[in-house]
Amino acid sequence: MTLDWLDIFTTILGLIYIWLEYRASIWLWVVGIVMPALDVVLYWQHGLYGDAGMAVYYTLAAFYGFAIWKFKKTKKLHLPLPIIHMPKKKYLPVTIFFFMAWGVTYYILVTWTNSTVPVLDSFTNALSFVGLWALARKYLEQWLFWIVVDTVCTMLYIQKGIPFKAGLYGLYIIIAVAGYYKWKKMVKITKYERV
């Protein structure tokens, strides 16, 4: 097996990204633009077409996340968005969206690619859509979505021969658990209205 320098470089960027996410730093979005743009190439080379498509989404969504964190304020106090629990009224729409995204992504993979792992590849993509949206909104539960995504991705990347990325996602699981507990301490108890 030869070393894949793109695998190594994007893994280093991934470590920086998760450290910034753990700290709730807005700079995670800057790394979140560069890393997935490079991941598009890496995943495509290894036949993970769903992940390649997801990396395109991550790149574009990082611009959205940056804008939300930078410019979206609470309605009454005009403060930056706090870390809060995902509102219960979002659970049903998010669940419906997840299953629809999973189905559409699966259909695309089995119809137009030669993916050998369409069920899991489409699953991680669909849940990643939800996770990235929840991260942009600073919902504590975003960490729970990422724990599931990272676990499945670790197995997929081992299977697909991307060892550094697999190791990164294994580390992501540990950091996501730690991040969940760190953010849990930072959750705002009071209710904020968002514009």
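Scroll up a little and you will see the structure.
Everything numeric here is computed off the predicted structure, so don't read it as measured data. (Residues numbered from 1 in each chain as written. Predicted model: local features only at pLDDT ≥ 70, side-chain atom pairs only at ≥ 80, totals over all residues. Heavy atoms only, no water.)

Chemist: So, helix α7 (residues 163–186): which residues are in play, and what are the values?
Modeler: Relative to the 34 Å expected for 24 residues at 1.5 Å per residue, α7 spans 34 Å between its end C-alpha atoms, a close match to the ideal helical length. Looking only at α7, the buried set comprises Lys165, Ala166, Leu168, Tyr169, Tyr172, Ile175, Ala176, Gly179, Tyr180 and Trp183. Close packing links the buried residues of α7 with α1 (5–22), α2 (28–45), α3 (49–71), α5 (118–136) and α6 (142–159). (Helix = DSSP H or I, 4+ residues; strand = E, 2+ residues; numbered from the N terminus. Expected span 1.5 Å × (residues − 1). Buried < 20%, exposed > 50% of the residue type's maximum accessible area, 1.4 Å probe, protein only. Contact = heavy atoms within 4.5 Å.)

Chemist: Run through the packing of aromatic side chains, naming residues and quoting values.
Modeler: Under the counting rule described, the total for this entry stands at 18 aromatic pairs. Ring geometry for Tyr57 and Tyr58: centres 6.3 Å apart, planes at 45°, overall tilted. Within the aromatic cluster, the residues linked to one another by ring pairs are Tyr57, Tyr58, Phe97, Phe129 and Trp146. Cation over ring: Lys138 sits above Trp69, and NZ or CZ is 4.6 Å from the ring centre. (Phe/Tyr/Trp six-rings, centres within 6.5 Å; stacked < 30°, edge-to-face > 60°. Lys NZ or Arg CZ within 6 Å of the ring centre and 35° of its normal.)

Chemist: Break down the packing of α1 against α7 for me, citing the residues and quoting the values.
Modeler: Close contact between α1 and α7 brings their axes to 10 Å; oriented N to C, the two are set at 0°. By the angle between their directions, the pair α1 and α7 is classed as roughly parallel. On the side of α1, the interface is formed by Asp7, Ile8, Thr10, Thr11, Gly14, Leu15, Tyr17, Ile18, Glu21 and Tyr22, while α7 contributes Pro163, Phe164, Lys165, Leu168, Leu171, Tyr172, Ile175, Ala178, Gly179, Lys182 and Trp183. Among the residues forming the contact of α1 with α7, the class breakdown is 13 nonpolar, four polar and four charged. (Axes fitted to C-alpha atoms, helices over the stretch in contact; angles between N-to-C directions. Parallel < 35°, antiparallel > 145°, perpendicular 65-115°, else oblique. Nonpolar A, V, L, I, M, F, W, Y, C, P; charged D, E, K, R; others polar.)

Chemist: For the environment of Ile16, give the residues involved together with the corresponding values.
Modeler: By the secondary structure assignment, Ile16 is in helix α1. By relative accessible area, which is 36% here, Ile16 ends up partly exposed.

Chemist: Describe the environment of Ile12, listing the residues and the values that go with them.
Modeler: Here Ile12 is to be found in helix α1. With a relative accessible area of 43%, Ile12 lands in the partly exposed category. In this structure, the C-alpha to C-alpha distance between Ile12 and Trp69, residues 57 residues apart in sequence, is 24 Å.

Chemist: So, unusual backbone geometry: which residues are in play, and what are the values?
Modeler: The phi dihedral of Ala24 is positive, around 60°, even though this residue is not glycine. By the element assignment, Ala24 lies in the loop between α1 and α2. Take Ala24: its relative accessible area is 21%, and that puts it in the partly exposed class. At Lys138, a residue that is not glycine, the phi angle is positive and equals roughly 60°.

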